[in-house]
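Structural features, examined
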Amino acid sequence: MFGNKSNKPQNSIDCLIGAGTVIEGNIAFVGGLRVDGHVRGNVLSADTKPGTLVLSEKARIEGEIR
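Calculation notes
Residues numbered from 1 in each chain as written. Predicted model: local features only at pLDDT ≥ 70, side-chain atom pairs only at ≥ 80, totals over all residues. Heavy atoms only, no water. Salt bridge = Lys/Arg side-chain N within 4 Å of Asp/Glu carboxyl O. Buried < 20%, exposed > 50% of the residue type's maximum accessible area, 1.4 Å probe, protein only. Pairing = 2+ DSSP bridges. Helix = DSSP H or I, 4+ residues; strand = E, 2+ residues; numbered from the N terminus. Axes fitted to C-alpha atoms, helices over the stretch in contact; angles between N-to-C directions. Contact = heavy atoms within 4.5 Å.

Looking now at the pattern of salt bridges. Applying the stated rule across the entire model yields four salt bridges. Taking the shortest distance from any N to any O, the salt bridge between R60 and E62 comes out at 2.8 Å. For R60, a relative accessible area of 47% corresponds to the partly exposed category. Of the residues examined, E62 reaches a relative accessible area of 41% and is grouped as partly exposed. Among the salt bridges present, the one from R66 reaches E64, with a minimum N-O distance of 3.1 Å. Judged by relative accessible area, which is 39%, E64 ranks as partly exposed.

Let us now look at the sheet that holds strand β7 (residues 51-55). Pairing is parallel in the open sheet, where three strands are placed in the order β1-β4-β7. The sheet terminates laterally at β1 (15-17) and β7, the two strands that pair on one side only. Pairs of neighbouring strands in the sheet enclose a mean axial angle of 15°, with direction left out of account. As paired strands, β1 and strand β4 (residues 31-35) are joined by three bridges and run parallel to one another. Across the sheet, I17 pairs through a bridge with V35, a residue of β4.

Right, let's talk about the side chain of S45 for a bit. You can see S45 is positioned in strand β6 (residues 43-45). Among residues more than four places away in sequence, those in contact with S45 are F29, P50, G51 and R66.

With respect to the element layout, D14 can be found in the segment before β1. Overall, D14 belongs to the exposed group, its relative accessible area being 52%. Placed 18 residues apart in sequence, D14 and G32 show a C-alpha to C-alpha distance of 5.1 Å. Not counting the four nearest positions on each side in its chain, D14 is found in contact with V30, G31 and G32.

Here it is, written out as structure tokens:
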């Protein structure tokens, strides 16, 4: 009910890294992140909240995923 906080990952995507996009550096996110492009760096969900990471079949991540 009201004020009840769940630790379940959320089902919505808040940020998209599109196909053809290359990111060099670490990414820290809260909520939902979808990667269709290329990330050269670590992809980290915030420690205090659950997060959802979605990778497409063409996505590429060169780094740690946590």
